[in-house]
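Here is how the chains run, residue by residue.
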Amino acid sequence: MEQQREDVRLLVGVDDKISVGKAFLLGLQHVLAMDLYIAPIIIAGLLALDPSGTSFFIQMCFLATGIGTLIQTGFGIRLPVVQGPSYVPIGALAAIGGKLGMAGMIGSIIPGALLMALIGNPLKWFAKAVRRFIPPLVGGTVIVIVGIALMPTAMSNIYHAEGNIATNSLVAAVSAAVLVACMLLGQKVGKAGTFFRLVSVLIAILVGTVTASFFGGVDFSPVQNAAWFSLPKFFPYGAPVFDISAILTMMFVYLIILIETTGTWFVVSTITGKELTEERLNRASFGEGLGCFVGALFGGTPMTGYSSNAGLLAVTGVASRMAIMAGGVILIALGLVPKLSTAITCIPEPVISGIFGIVCVAIVTNGLKVIQHITIDDRNMMVIGLPILLTIAVTVLPKDALQGAPDFVAYILSSNITVGALATLILNQIIPEKKSWAQQDVTAEGRPS
């Protein structure tokens with residue numbers, strides 16, 4: 001254990017006991033440095049929810065992620081993994097919600113979540129599937145695809161936000177620059193730099209919002225009318241609507257989420273020095289599915305282990321499960337206070353999008369960390385490169401190209417991440433390894449293989 005901690009430079013180990021006060025302080029630092037609210041804001045915008053509906057949706061997503069984090073870190077994978085709304089299903093959820101409403105969107109989430117839990121426990125199929133279908137090459141490539149696929153969304157939201165394009169671009173650039181500066185300070189200025197790195201997102205939001213206020217782009221008046229406290233309720237959007245095309249689409253999406261989150265688990269395992277045993281992987285799948293199911297009951301979206309959290313573990317040297325679970329409690333508390341979730345919706349869109357662009361860069365680099373030790377021969381180059389090409393192809397696909405297409409096809413092609421991840425999985429299976437080609441050549445020459 002000591003050797004592992006020395007190798008990964010951990011100051012606080014995964015199972016180290018720390019005081020409750022210290023756990024909540026460290027957990028708060030993780031919450032402040034996360035970007036958990038960005039995906040719900042994007043989904044709410046695509047669904048054209050009003051400010052009140054957006055605030056409530058974000059509130060429920062906070063609550064769901066808090067519950068999911070407690071389940072995963074406490075009983076599932078039992079590693080320091082923060083659950084958060086996945087970016088993978090953004091396109092599919094927007095398409096389903098736009099056609100079937102919020103009740104249809106929730107109805108599409110529930111079956112896949114239960115299936116994800118079942119293949120972990122009691123069926124115990126997930127670990128075998130990971131060993132067979134999701135090696136680091138696939139998991140890392142999917143994380144890279146997630147980052148690349150979301151970059152155009154960040155840029156588009158800057159250009160199309162309310163206000164002048166030049167002003168929006170300036171506000172986004174300032175927000176992004178502050179975030180980058182804080183991250184770089186974290187590498188160069190000792191303990192003070194670590195503080196800047198821990199609260200880098202919060203500092204960038206504050207500076208970006210102040211910058212936007214000089215141009216009249218900030219309005220926090222809706223916060224005054226929001227309640228201080230609100231209890232959640234089951235199925236807030238009404239009884240779930242179960243549509244077979246939507247359910248099958250989300251089954252595919254959950255497959256991609258599992259590939260994405262497995263890549264994150266690879267990163268966390270590397271940083272903490274904890275092996276991903278079959279038992280741990282099966283518990284992880286169960287925890288992920290159960291968290292998504294419980295979150296859906298309250299109106300949340302599918303969750304995943306956040307890859308940006310893995311980078312924060314390396315920066316802070318704090319890998320305590322107690323700290324992450326304390327962060328889960330804080331997230332639940334945030335989900336119960338509408339004033340806080342409403343305040344988040346008042347943050348100018350260019351500020352969020354500028355920060356989101358840097359987050360996409362962080363996601364890409366985390367994916368590269370997973371695959372950095374893999375030999376990039378011609379075969380692996382195709383497995384990595386072709387899915388990225390297909391992801392971009394779907395990203396620039398004209399919207400009217402899907403008119404008249406079957407719902408199932410439209411849902412799949414509305415998510416560039418889903419297309420890219422499926423391509424990665426399939427290509428890794430159908431393109432033979434270099435060893436296989438050599439064996440075939442030997443056999444063809446009549447020599448023993």
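Predicted model only: the values in this text are computed from it and were never measured.

Asks: Help me understand the environment of Trp125, please; the structure alone is not making it clear to me.
Replies: Inspection of the secondary structure assignment puts Trp125 in the loop between helix 5 (90-120) and helix 6 (126-133). On the basis of relative accessibility, which here comes to 54%, the residue Trp125 falls in the exposed class. Each C-alpha atom of the pair Trp125 and Ser285 lies 9.6 Å from the other, and the pair is 160 residues apart in sequence. In this structure, Trp125 is in contact with Ile119 and Asn282, ignoring residues within four places of it in sequence.

Asks: Just checking my understanding: could you explain the packing of helix 5 against helix 13 (residues 278-297) for this structure?
Replies: Two quantities define a packed helix pair, namely the angle between the helix axes and the distance between the axes. With their axes 7 Å apart at the nearest point, helix 5 and helix 13 run at an angle of 160° to one another. What the angle tells us is that helix 5 and helix 13 run roughly antiparallel. In this structure, helix 5 meets helix 13 at a crossing whose hand is left-handed. Residues Ile106, Ile109, Ile110, Ala113, Leu114, Met116, Ala117, Ile119 and Gly120 of helix 5 touch helix 13, and the partners they reach there are Asn282, Ser285, Phe286, Glu288, Gly289, Leu290, Cys292, Phe293 and Ala296. Here the residues of the contact of helix 5 with helix 13 sort into 13 nonpolar, four polar and one charged.

Asks: Looking at this structure, I do not really get helix 3 (residues 38-46). What am I missing?
Replies: Given 3.6 residues to a turn, an α-helix orients residues that are three or four positions apart in the same direction. Taken as a whole, helix 3 has its buried residues at Ile38, Ala39, Pro40, Ile42, Ile43 and Ala44. Residues of helix 3 that are buried in the fold lie against helix 4 (51-74), strand 1 (83-85), helix 5, helix 7 (136-160) and helix 17 (349-371).

Asks: I keep staring at the side chain of Arg283 and nothing clicks. Help me out?
Replies: Inspection of the secondary structure assignment puts Arg283 in helix 13. Non-local contacts of Arg283, meaning those with residues more than four positions away in its chain, are made with Gln72, Phe75, Gly76, Ile77, Arg78 and Asn121.

Asks: I tried to follow the packing of helix 3 against helix 4 on my own but got confused; where do I start?
Replies: For the pair helix 3 and helix 4, interaxial distance at closest approach is 9 Å and the crossing angle is 145°. Read as a crossing pair, helix 3 and helix 4 show a hand that is right-handed. Judged by residue contacts, Pro40, Ile41, Ile43 and Ala44 of helix 3 engage Thr54, Phe57, Ile58 and Cys61 from helix 4. Among the residues forming the contact of helix 3 with helix 4, the class breakdown is seven nonpolar, one polar and no charged.

Cut-offs and rules
Residue positions within a chain follow its written sequence, with the count starting from 1. Residues qualify for local features only when their pLDDT is at least 70, as the model is predicted, and side-chain atom pairs are given and counted only at 80 or more; totals for whole chains, interfaces and linings, by contrast, use all residues. Just so you know, side-chain values use all the structure's heavy atoms and leave hydrogens and water out. We count a stretch as a helix when DSSP gives it H or I for four or more residues in a row; a strand needs E for two or more, and each element gets its number in order from the N terminus. Note on exposure labels: buried denotes an accessible area under 20% of the residue type's maximum, exposed denotes more than 50%, and partly exposed covers the range between, all computed with a 1.4 Å probe on protein chains only. Working rule for contacts: check all heavy atoms of both residues, and any pair within 4.5 Å makes them a contact. The axes are straight lines fitted to the C-alpha atoms, using for helices just the contacting stretch, and the angles between their N-to-C directions are given from 0 to 180°. Small angles under 35 degrees read as roughly parallel and large ones over 145 as roughly antiparallel, with 65 to 115 read as roughly perpendicular and the rest as oblique. Each crossing gets its hand from how the near helix is turned against the far one by less than a right angle, where anticlockwise is left-handed and clockwise is right-handed. For this classification, Asp, Glu, Lys and Arg are treated as charged, while Ala, Val, Leu, Ile, Met, Phe, Trp, Tyr, Cys and Pro are nonpolar and the rest, including Gly, are polar.

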